[in-house]
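# Structural features, examined
Residues per chain, in single letters:
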Amino acid sequence: MPPPMKQCEYSQITTQSSSPMESPKKKKIPRKKWEVFPGRNKFHCDGRIMMARQTGVFYLTLVLIVVTSGLFFVFDCPFLAVTITPVIPAIAGVLFFFVMGTLLRTSFSDPGVLPRATQDEAADLERQIDIANGSGSGGGYRPPPRTKEVIINGQTVKLKYCFTCKIFRPPRASHCSLCDNCVERFDHHCPWVGNCVGKRNYRFFYMFILSLSFLTVFIFAFVITHVILRSQKTGFLNALKDSPASVLEAVVCFFSVWSILGLSGFHTYLISSNQTTNEDIKGSWSNKRSKDNYNPYSYGNIFTNCCAALCGPLPPSLIDRRGAIQSDTPQSVAPPNGITTYGATQSQSNMAAATPLLQSESSPMNEELPVPGKMTISSPCATLTLGQPTPPPSTSSLATETILADTLPLKEACEGHHFLTPEEAPSPPGMLTPGSPLTHSHTMHVLNAVTQDSMHEDSVRGLVKLSSV
Amino acid sequence: MAEVHNLQELRQSASLATKVFIQRDYTDGILCQFQTKFPPELESRVERHYFEDTVKTLNNYYAEAEKIGGTSYFEGCLACITAYIIFICMETRYEKVLKKISKYIQEQNEKIYTPRGLLITDPIERGLRVIEIAIYEDRCSSGSSSSSGTGSSTSSCSRG
C-alpha cells in the first residue's frame, strides 16, 4: 500500500489543471527552492533563515545570554550607574547588542553549503571516474575510492568525492553529517548556535565568541564589584539578600567564562594561522606529520591571515533558497534521506560519543580501502569536530568547561586509527540525530536505491513538466 | 528580452545533445577559477580562442570579486562595526561582481555561443562548481507539434 504522502503528491499533479479549488486540504506544491532543499535544515521566514534541524541548544544559549544580561540590567546596573558611572550599563548594552547580532547572524545564515550536483553533472563525473579507474569492477560492490589530487602552493591536497552530494569536495570543504550538506571551509557544527560554522559565517561566529567573552567578563567583574560595594555598607550576607540575582549571574558567568575565553583564544590561534578546527584537530598541516608539511592556505603572516578571515569579501550563498522552482530547474541528486550510502555500526557510535568527529585516517594522503561487506564509506565525510563540543543537552554551561579539557586526550584517541563514518560521528547520546537508525535499513539497498531514485526522479520530473505546461 | 527569445528559439529548434562541464581549477588555492583546458566535445563547435577568452575573463572576474585589498577591508570593518546589520541594506562587492558576470555570460551567449548551438550556464547556478555548456543538435523531429512548445521537447529529451 503506497504511503499516503506519495498518494497526495501524485493525485495533486493530475488535478492541477482541472480544478485548483479542489486542493486546499492537500499538500501544498513547493514554490520556492528552500522547500525542496535536500539537506537536513530548517527554514523560516520563507527561506530567509536557515538553521540546523536540532535547535534546542541554540534556544538554551539564547535564554542564558538574555536572562543573565537582563538580570544584570535590572538588578545591578541601577546601583552601578548611581555609585560608579552610567557608562557601565551603556557599555553592557552595546556589548549585549553586538553579541545578539552576531549570534543571530551566525545561526541564521547559510554557512557556505555547496549545492548537490545535478543529474547531468553527477553522470558526467561518474563517467570520468570510470575512465580514470579503468572501469573493470562489476556492478556488485562499491567501486574503488574516488579521490583527486591537487597541488596547492606546493602541497599535495586530496579532494574527496562526496557520495551524498555527488561532487568532488573543494579543498577545505567537508560534509556535515548532522545537516547532511557539504560545507565550504568547514570548521565545525556548533549546536550552541544551531548551525554549521563554515566559510560564510565563520567571522560572525568569531565575533560572537569574542564579544561574548567580553560581555561575560564584564558582567562577572561588575557583579562582583556590586556585591563588594554593597557588602561594605550592609555586610556580605545582607548584600546577597538584597541582590539575589547577582549570585545567579556570578555563577553562570563564572562557569561560562573559562570555556568561552578558551574558545576565543583557540579560534584566535586558528584565524592567525588560517586553519579550520577540522584541520587543526587532525593535524593536517602539523610539522609532526612530515617536515615538509605546511599550511598552503596561510598568507604567511598573522596580520594578513586575520584580515583575510575577518575582513575578506563575504562570499554569496550558493544555494538559491528563495528562488522560484521552475519546471526546467535541473533536479539535484538527492537520495531519499541523504544517508543511504553511509553505513554505521552501533558500537562505534557509542564509542564516538565522546570523541571528536573527524576523519581519523592513518594518514591523510592514503585513501582508506573500503571494507568489503561492511558498506562503510571509504572517504568518511565526518564533519563534527570538537572546536565547539557537543555536550548533552541536559547539562548547562557547566559542561563546556570540562569539554575543552577533553580535547587533548581526545587528540590521542584520534590517532588510534578507528574508522569513523559520518553517521557514527555526529553527537553524543541525547543529541543523536535520527540518522543512524535509518542507515541500518538502507545500507542493503544502496545500489538499488540510487538507480531507483534516478528513475523515480526522472518520472516525477516528467510529470511536473507536463503539469506546468 | 531579445536574448530570451533567442534561447527559446534555440530550445524549440534544437534538442539537447550533451553537456560539457568545465571543472574548477584548484592549483592556485581555493579561489574560484575554472580550468581553461579546451574540451574535445567542443572541437567542432566553437573556436578555441573564443572559449579560452570566455573562461579567462570569467576567471578574472572571480579573482576581482575575491580580491583581498583596500575595498574589501573597508567593507569588512564597516560591517563589523555595525554588527553586520549593514549587509541587510548594502550589496556586497561580490554580489556586484556576480551581476557583472551574469551580464557577461548573457552577452557571450548571444554573440558567440547560441549561434553555434551552445549555451553556457552561469556557474552560480551550479554552486560555482562547474561551467555547464549545453550542446544542442538540430532537431531530427518526430513530428511533435509546436503547440506543446518547450514542454514536449524537454520531456522527449528527458526520456531520450
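Everything numeric here is computed off the predicted structure, so don't read it as measured data.

Further remarks concern the overall build of chain A. Looking only at helices and strands, one finds 13 helices and ten strands in chain A. Counting the 469 residues in chain A, one finds 52% classified as buried. In chain A, 73% of the contacts between residues at least 6 apart in sequence involve partners at least 24 apart. Looking at chain A as shown, the accessible area adds up to about 20,900 Å², and 65% of this sits on carbon and sulfur atoms.

Quick look at the environment of A:Pro89 now. All names here are of chain A. For Pro89, the location among the structural elements is in helix H3 (residues 87–108). In this structure the C-alpha to C-alpha distance between Pro89 and Pro78, which are eleven residues apart in sequence, comes to 8.3 Å. Residues contacting Pro89, with those up to four places away along its chain left out, are Phe73, Cys77 and Ala81.

Moving on, we come to the sheet that holds strand E5 (residues 155–162) of chain A. All names here are of chain A. The three strands lie next to each other as E4-E5-E6, forming an open sheet whose pairing is antiparallel. The sheet is open, and its two borders are formed by strand E4 (147–152) and strand E6 (167–168), each paired with just one other strand. Pairing of E4 with E5 involves six bridges; the strand directions are antiparallel. When the sheet's bridge partners are listed, Val150 is paired in E5 with Val157.

Turning our eyes to something else, we now look at the confidence of the model for chain B. All names here are of chain B. Considering every residue of chain B, the mean pLDDT works out to 79; 78% of them sit at 70 or more. When the elements of chain B are averaged for pLDDT, helix H6 (residues 150–159) gives the smallest value, 43, and helix H2 (residues 48–65) the largest, 92. Contacts from residues 141–160, a stretch scored under 50 in pLDDT, to residues over four places away or in other chains number nine contacts. Both scores are given for the predicted complex: the pTM is 0.70, the ipTM 0.78.

Residues and elements named next belong to chain A. Under the counting rule described, the total for this entry stands at 17 aromatic pairs over all chains. Counting every residue linked through ring pairs, the aromatic cluster contains Phe72, Phe73, Phe96, Phe218 and Phe222. Above the face of the Phe168 ring, Lys148 is positioned so that its terminal group lies 4.7 Å from the ring centre. Positioned above the aromatic ring of Tyr202 is the side chain of Arg185, whose terminal nitrogen or guanidinium carbon lies 5.2 Å from the ring centre.

All names here are of chain A. The N-to-C vectors of helix H2 (residues 56–83) and helix H7 (residues 244–272) enclose an angle of 140°; their axes lie 9 Å apart at closest approach. By the criterion of interaxial angle, the relationship of H2 to H7 is oblique. The two elements H2 and H7 cross, and the hand of that crossing is left-handed. Counted together, Leu64, Thr68, Leu71, Phe72, Phe75 and Asp76 of H2 and Ala245, Ser246, Leu248, Glu249, Val252 and Cys253 of H7 form the full contact between these two elements. Here the residues of the contact of H2 with H7 are counted per class, giving eight nonpolar, two polar and two charged.

The next thing to look at is the side chain of A:Lys166. Residues and elements named next belong to chain A. Along the polypeptide, Lys166 turns up in the loop between E5 and E6. The buried charged residue Lys166 lacks any salt bridge partner; its closest oppositely charged side chain belongs to Glu126, at an N-O distance of 5.2 Å. Separated by 3.3 Å, the side chain of Lys166 and the backbone oxygen of Phe163 make a polar contact.

Turning next to the interface of chain B and chain A. For interface size, the figure often reported is the accessible area lost on association. Counting residues at the interface gives 36 residues for chain B, matched by 41 residues for chain A. Carbon and sulfur atoms supply 66% of the area that chain B and chain A bury against each other, a total of about 3,400 Å² over both sides. Looking only at chain B, the three residues that lose the most surface to chain A are B:Tyr26, B:Tyr84 and B:Arg129, adding up to 20% of its buried area. Summed over the shared surface of chain B and chain A, the number is two salt bridges. Where B:Arg129 meets A:Glu121, a salt bridge forms, and the shortest distance between an N and an O atom there is 2.7 Å.

Residue and element names in this part refer to chain A. Per the UniProt annotation, the sites labelled "transmembrane region" (unreviewed entry) are residues 57–75, 81–104, 204–228 and 248–272. A distance of 26 Å separates the end C-alpha atoms of residues 57–75, which is 100% helix and 0% strand. Summarising residues 81–104: 88% helix, 0% strand, and an end-to-end C-alpha distance of 29 Å.

A few words on the nonpolar core. Membership of the largest hydrophobic core comes to 49 residues, with the highest contact counts inside it found for A:Phe72 and A:Phe208. Looking at which element gives the most residues to this core, the answer is helix H5 (residues 202–234) of chain A, with 13 residues. Once residues within four sequence positions are removed from consideration, A:Phe72 is found in contact with A:Cys77, A:Leu80, A:Ile88, A:Ala92, A:Phe218, A:Ile219, A:Phe222, A:Val223 and A:Glu249. Within the second largest apolar cluster, 36 residues are counted, among which are B:Ile22, B:Phe38, B:Leu98 and B:Ile131.

Together, A:Phe97, B:Ile85 and B:Ile88 make up a nonpolar patch on the protein surface, roughly 330 Å² of accessible area in all. By secondary structure assignment, the location of B:Ile85 is in the loop between helix H3 (70–81) and helix H4 (86–89).

What counts and how
- Residues numbered from 1 in each chain as written.
- Chains lettered and ligands numbered in written order.
- Predicted model: local features only at pLDDT ≥ 70, side-chain atom pairs only at ≥ 80, totals over all residues.
- Heavy atoms only, no water.
- Helix = DSSP H or I, 4+ residues; strand = E, 2+ residues; numbered from the N terminus.
- Buried < 20%, exposed > 50% of the residue type's maximum accessible area, 1.4 Å probe, protein only.
- Contact = heavy atoms within 4.5 Å.
- Areas by Shrake-Rupley, 256 points an atom, 1.4 Å probe, with all protein chains shown as cover.
- Pairing = 2+ DSSP bridges.
- pLDDT = per-residue confidence, 0-100.
- Phe/Tyr/Trp six-rings, centres within 6.5 Å; stacked < 30°, edge-to-face > 60°.
- Lys NZ or Arg CZ within 6 Å of the ring centre and 35° of its normal.
- Axes fitted to C-alpha atoms, helices over the stretch in contact; angles between N-to-C directions.
- Parallel < 35°, antiparallel > 145°, perpendicular 65-115°, else oblique.
- Left-handed = near helix turned anticlockwise from the far one by under 90°.
- Nonpolar A, V, L, I, M, F, W, Y, C, P; charged D, E, K, R; others polar.
- Lys, Arg positive; Asp, Glu negative; His and termini not counted.
- Salt bridge = Lys/Arg side-chain N within 4 Å of Asp/Glu carboxyl O.
- Polar contact = N/O pair within 3.5 Å; in protein donor to acceptor, adjacent residues only side chain to side chain.
- Buried area = accessible area lost by both parts, 1.4 Å probe.
- UniProt positions renumbered as here; feature names shortened; annotations may be inferred.
- Core = buried A, V, L, I, M, F, W, Y, C linked by side-chain atoms within 4.5 Å.
- Patch = residues over 30% accessible without salt bridge, like charges linked within 9 Å, V, L, I, M, F, W, Y side chains within 5 Å.

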